Amino acid sequence: GQQVMQIPQYQHVQEGEDFTTYCNSSTTLSNIQWYKQRPGGHPVFLIQLVKSGEVKKQKRLTFQFGEAKKNSSLHITATQTTDVGTYFCAGRYNTNAGKSTFGDGTTLTVKP
Amino acid sequence: NAGVTQTPKFQVLKTGQSMTLQCAQDMNHNSMYWYRQDPGMGLRLIYYSASEGTTDKGEVPNGYNVSRLNKREFSLRLESAAPSQTSVYFCASSSWLFVDYNEQFFGPGTRLTVL
């Protein structure tokens, strides 16, 4: 079946360092979403990317969608302890097919 | 607005027992979903309901059944629980599955242990 691969699985950083997680698909996506899940919590929607080469920013978070719409990244500048959690991408292959496929997530820990 | 609510929050079952997980949303959403999350893994879709009156299988439907009771409520039933079904179960909803913008809103989850 269609899969969305996410790397790395874990990332440990010192507070103030940058962090990036990558999402890759072997086939073209119609759109990709990013979610954040705090420890013990539930996933919360962050953003959706639709266009080839799209870049969106939310404060210290930068989201990119690749030109071929097969990969995406989330970059956090100068991490803070509040950034701790697991970041998931969810790719949709076909709007008509509806449902999205989630990656396995990248768990970020931040050392103060 | 409560958003998406799930009951119970925690449950321990013995192998072979049955139970129903309840989910309700108050956002007037058409589409609802059930996911399971195992440690170190992402969210895997069990079943979904694009709209009231329809349900479809996701990636891992075996051992589960669902009911879309009305527009607000979507329940997940385990007929004969197995230890492999030990997981955290999330219900989610979105305005409408078949549109470009499909933000999903998740409930707080049910932590299920099957002994």
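See the structure shown above.
Reading the values: rules and limits
Residues numbered from 1 in each chain as written. Chains lettered and ligands numbered in written order. Predicted model: local features only at pLDDT ≥ 70, side-chain atom pairs only at ≥ 80, totals over all residues. Heavy atoms only, no water. Contact = heavy atoms within 4.5 Å. Buried area = accessible area lost by both parts, 1.4 Å probe. Salt bridge = Lys/Arg side-chain N within 4 Å of Asp/Glu carboxyl O. Polar contact = N/O pair within 3.5 Å; in protein donor to acceptor, adjacent residues only side chain to side chain. Helix = DSSP H or I, 4+ residues; strand = E, 2+ residues; numbered from the N terminus. Buried < 20%, exposed > 50% of the residue type's maximum accessible area, 1.4 Å probe, protein only. Pairing = 2+ DSSP bridges. Axes fitted to C-alpha atoms, helices over the stretch in contact; angles between N-to-C directions. 1 Å grid on protein atoms, 1.4 Å probe; cavity = no way out; pocket = protein on both sides within 12 Å on 5 of 7 lines; lining within 4 Å. Points joined across faces, edges and corners; volume = space filled by probe spheres on them. Phe/Tyr/Trp six-rings, centres within 6.5 Å; stacked < 30°, edge-to-face > 60°.

Asks: Help me understand the interface of chain B and chain A in this model?
Replies: Accessible area lost during the coming together of the parts is what is often quoted as the interface size. Between chain B and chain A, the residue contacts involve 21 residues of the former and 21 residues of the latter. Summed over both sides, the interface of chain B with chain A buries roughly 1,800 Å², with 52% coming from carbon and sulfur. Linking chain B with chain A are zero salt bridges, by the criterion used here. At the surface where chain B touches chain A, the tally comes to seven residue pairs in polar contact (both at pLDDT 80 or more). At the level of secondary structure, the elements contributing two or more residues to the side of chain B that touches chain A comprise strand 4 (31–37) and strand 5 (43–49) of chain B. By residue number, the principal contributor to the side of chain B that touches chain A is strand 5 of chain B, which donates three residues.

Asks: Is there a simple way to explain the environment of Ser-30 of chain A in this structure?
Replies: Residue and element names in this part refer to chain A. Within the element layout of this structure, Ser-30 appears in the loop between strand 3 (19–25) and strand 4 (31–37). Exposure remark for Ser-30: the relative accessible area of 18% places this residue in the buried category. Once the C-alpha coordinates of Ser-30 and Val-50 are considered, the two residues, 20 residues apart in sequence, prove to be 6.6 Å apart.

Asks: Looking at this model, I keep getting lost on the sheet that holds strand 3 (residues 19–25) of chain B. Mind explaining?
Replies: In sheet architecture, strand pairing relies on hydrogen bonds along the backbone and comes in two forms, parallel and antiparallel. Residue and element names in this part refer to chain B. Pairing in this open sheet of four strands is antiparallel, and the strands run 1-3-8-7 from one edge to the other. For this open sheet the edge positions go to strand 1 (4–7) and strand 7 (64–68), each flanked by a neighbour on one side alone. The average angle at which neighbouring strand axes cross in this sheet is 20 degrees, direction not considered. Pairing of strand 7 with strand 8 (residues 74–78), which is carried by five bridges, proceeds in the antiparallel orientation.

Asks: Got a minute to help me understand the layout of surface pockets in this structure?
Replies: Over the atoms rolls a probe the size of a water molecule, and its path tells where empty space is left. Here the largest pocket is characterised by a volume of approximately 390 Å³. Surrounding the largest pocket, 25 residues form its lining, Gln-37, Thr-86 and Thr-107 of chain A together with Gln-37 and Gly-40 of chain B being those nearest its centre. Listing elements by their share of the lining of the largest pocket, those giving two or more residues are strand 9 (85–92) and strand 11 (106–111) of chain A together with strand 9 (87–94) of chain B.

Asks: For this particular structure, what's the right way to read the packing of aromatic side chains?
Replies: For any pair of aromatic rings, the description rests on two quantities: the centre-to-centre distance and the angle between the ring planes. All names here are of chain B. Overall, the coordinates contain twelve aromatic pairs over all chains when judged by the stated rule. On the basis of an interplanar angle of 75 degrees and a centroid distance of 5.5 Å, the ring pair of Trp-96 and Phe-98 is categorised as edge-to-face. Residue Trp-96 is classed as partly exposed on the basis of its relative accessible area, which comes to 30%.

Asks: Looking at this structure, how should I read the sheet that holds strand 3 of chain A?
Replies: Residues and elements named next belong to chain A. Spatial strand order, 1-3-8-7-6: five strands in an open sheet with antiparallel pairing. Every other strand in the sheet has two partners, leaving strand 1 (4–7) and strand 6 (55–58) as the edge strands with one partner each. Within the sheet, the average angular offset between the axes of one strand and its neighbour, ignoring direction, is 15 degrees. Examined bridge by bridge, strand 6 and strand 7 (residues 61–65) share four bridges and lie antiparallel to one another. When the sheet's bridge partners are listed, Lys-56 is paired in strand 7 with Phe-63.

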